[in-house]
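Structural characterization, general
The residues making up each chain are set out below.
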Amino acid sequence: MSVYQNENANCLRQALESIWSGQTLRPTEIVLVKDGPLTSELDSVIDDFRQSAPMTVVALERNSGLGVALNEGLKHCTCELVARMDSDDISKPKRFARQAEFMAEHTDIAVCGSWIDEFIGTTDNVVSQRRLPETSADIVEFGRKRNPLNHPTVMFRKSAVETVGGYEHFQWFEDYWLWARMLKTGYRLYNIPESLLWFRTSADVYRRRGGWRYAMTEFKFQNSLRKLGFISFADMIINGSIRFSVRLLPNFLRKTFYDKLVRR
C-alpha cells in the first residue's frame with residue numbers, strides 16, 4: 001500500500017482495518033509506503049495501526065508517484081505472494097483467502113485480480129460494478145483496448161513482477177503498463193469472477209480522468225503499448241482517438257460515458 005499527504009485519514013483507517021482485522025486470512029506482513037511527508041492525522045493512523053499489526057513502514061523523502069513508491073515497497077516484501085491495496089478502498093473479508101487459495105491451486109497464474117463494487121460514502125451505497133474478463137486469453141484481448149485488471153484487487157507473484165522490471169513510472173498508467181509487459185512476456189493473468197473489494201468513488205474520479213494533460217499522457221501511453229508490440233498501429237489510432245475525445249468532454253458527459261458504456 002502507498003499513501004500520500006492528500007489522503008483522508010478515516011479512509012486510510014478503514015482500508016487498513018479491512019486488510020487486517022477484517023480478513024478471514026490475515027497477511028503475514030503489511031508493507032506501507034509513505035510517499036513523501038504526510039499529515040499528522042495520517043501519521044497518527046499509521047502509528048496506531050503499527051501497535052497491533054505486523055507493519056513495515058517505508059518513508060520516501062518526497063512524493064515520487066505511485067510507480068516509484070510501489071517499487072520501493074516491493075523491495076521490503078519478504079513473501080512471494082504480494083497483495084496490492086489502495087489507501088482509500090475496502091477489501092472484502094474473504095479476499096485474501098480466495099486469492100491465496102486460487103494462486104496455490106494455479107501455479108501457472110502470475111497475477112490474480114477480481115471484480116470491484118464501486119461505492120459512494122458507505123459500502124451500502126454501491127453504485128456500479130466493474131467486471132473484467134476471467135481467462136488470460138480474454139484478458140489479453142481486452143487489454144488491447146482497456147486496463148484488464150482492477151489494480152487494488154490484485155495478488156501477484158513477486159518473482160514474476162520483478163522479472164519484467166517491476167512497476168515503472170508512467171503517471172496514471174503504472175499498473176496497466178505492468179500488465180501489458182507481463183502479458184507480452186508470456187505471463188498468465190486471471191480475474192476471479194466476483195467482487196472482492198469495495199472501491200471508493202465520487203465525481204472527482206471522473207474529473208481526474210479528464211483534461212488536456214491526461215489526454216496527452218494517455219496518447220503517449222498508447223504509443224508505448226505500440227512500441228512494446230502489445231497493440232498494433234491501427235489499435236493505437238483507434239484507442240487514442242476515442243480516449244482523447246472522452247478526456248476532453250465536460251465532466252458530466254464523461255461520467256455518463258463511463259456509467260453507460262464502460263461500467264456494467
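All of these numbers come straight from a predicted model, not from anything done at the bench.

**Things to note about the overall build of the protein**
- Of regular secondary structure, the protein possesses 11 helices and nine strands.
- In terms of overall dimensions, the protein is globule-like: its C-alpha atoms have a radius of gyration of 18 Å, near the 18 Å expected for 264 residues.
- The dimensions of the protein, computed from C-alpha atoms along their principal axes, are 55 × 40 × 35 Å.
- Within the protein, the proportion of its 264 residues that are buried is 52%.
- The long-range share in the protein, meaning contacts at least 24 apart out of those at least 6 apart in sequence, stands at 76%.
- In the form shown here, the protein has an accessible surface area of approximately 12,500 Å², with 52% of it arising from carbon and sulfur atoms.
- Here the protein holds 36 positive side-chain charges and 32 negative ones, and the gap between their average locations is 6 Å.

**Points about the packing of helix H1 (residues 9-18) against helix H2 (residues 40-50)**
- Contact geometry for H1 and H2: axes closest at 9 Å, N-to-C directions at 20 degrees. Classed by the angle they form, the pair H1 and H2 counts as roughly parallel. H2 is crossed by H1, and the crossing has right-handed handedness. Taken together, the residues of H2 that come into contact with H1 (itself represented by Ala9, Leu12, Arg13, Leu16 and Glu17) are Glu41, Leu42, Val45, Ile46, Asp48 and Phe49.
- A breakdown of the residues in the contact of H1 with H2 according to their chemical character gives seven nonpolar, no polar and four charged.

**Quick look at the pairing of strand S9 (residues 188-200)**
- Counting buried positions over the 13 residues of S9 gives 10, a clear majority of the element.
- Of the strand pairs in this sheet, strand S6 (residues 109-119) and S9 are connected by nine bridges, and their pairing is parallel. Bridge assignment links Val111 to a residue of S9, and that residue is Leu189.

**Describing the pattern of salt bridges**
- By the definition in use, this model includes 11 salt bridges.
- Notably, a salt bridge pairs Glu72 with Lys75, separated by 3.2 Å at the nearest N-O pair. Here Lys75 and Glu72 lie together in helix H3 (residues 66-75), a separation of three residues that amounts to about one turn.
- Among the salt bridges present, the one from Asp108 reaches Arg188, with a minimum N-O distance of 3.0 Å.

**Description of helix H7 (residues 174-185)**
- Here H7 is 12 residues long and its end C-alpha atoms lie 17 Å apart, about the 16 Å a rise of 1.5 Å per residue gives.
- With 10 of its 12 residues buried, H7 lies for the most part within the structure.
- For H7, every residue scored as buried is listed here: Glu174, Asp175, Tyr176, Trp177, Leu178, Trp179, Ala180, Arg181, Met182 and Leu183.
- Gly186, located one to two residues past H7, shows a positive phi value of around 110 degrees.

**What to know about the nonpolar core**
- Ranked by size, the top nonpolar core spans 35 residues in total, and within it Val111, Phe156, Trp179, Met182, Leu189 and Leu225 carry the most contacts.
- Of all the elements in the fold, those that place two or more residues in this core are strand S2 (30-35), strand S3 (55-60), H3, S6, helix H6 (158-163), H7 and helix H9 (212-228).
- No other element matches H7, which puts seven residues into this core.
- Ignoring any residue separated from it by four or fewer positions in sequence, one finds Val111 in contact with Met103, Leu149, Val154, Met155, Phe156, Trp179, Met182, Arg188, Leu189 and Tyr190.
- Counting residues in each nonpolar core, the second largest holds 31 residues, with Met1, Ala9, Val45 and Leu196 among its members.

**Description of the side chain of Asn150**
- Checked against the element boundaries, Asn150 lands in the loop between helix H5 (136-143) and strand S8 (155-157).
- A polar atom in the side chain of Asn150 sits 2.9 Å from the backbone oxygen of Ser114.
- Aside from chain neighbours lying at most four places away, what touches Asn150 is Ser114, Trp115, Ile116, Arg130 and Leu132.

**Points about H3**
- The complete set of buried residues in H3 reads Gly67, Ala69, Leu70, Gly73 and Leu74. Projected down its long axis, H3 shows its buried positions confined to an angular sector of 165 degrees, all on one face.

Rules of the game
Residues numbered from 1 in each chain as written. Predicted model: local features only at pLDDT ≥ 70, side-chain atom pairs only at ≥ 80, totals over all residues. Heavy atoms only, no water. Helix = DSSP H or I, 4+ residues; strand = E, 2+ residues; numbered from the N terminus. Rg over C-alpha atoms; globule rule 2.2 N^0.38 Å. Buried < 20%, exposed > 50% of the residue type's maximum accessible area, 1.4 Å probe, protein only. Contact = heavy atoms within 4.5 Å. Areas by Shrake-Rupley, 256 points an atom, 1.4 Å probe, with all protein chains shown as cover. Lys, Arg positive; Asp, Glu negative; His and termini not counted. Charge placed at Lys NZ, Arg CZ, Asp CG, Glu CD. Axes fitted to C-alpha atoms, helices over the stretch in contact; angles between N-to-C directions. Parallel < 35°, antiparallel > 145°, perpendicular 65-115°, else oblique. Left-handed = near helix turned anticlockwise from the far one by under 90°. Nonpolar A, V, L, I, M, F, W, Y, C, P; charged D, E, K, R; others polar. Pairing = 2+ DSSP bridges. Salt bridge = Lys/Arg side-chain N within 4 Å of Asp/Glu carboxyl O. Expected span 1.5 Å × (residues − 1). Core = buried A, V, L, I, M, F, W, Y, C linked by side-chain atoms within 4.5 Å. Polar contact = N/O pair within 3.5 Å; in protein donor to acceptor, adjacent residues only side chain to side chain. Arc of directions from axis to C-beta.

Geometric values such as these leave the question of function open.
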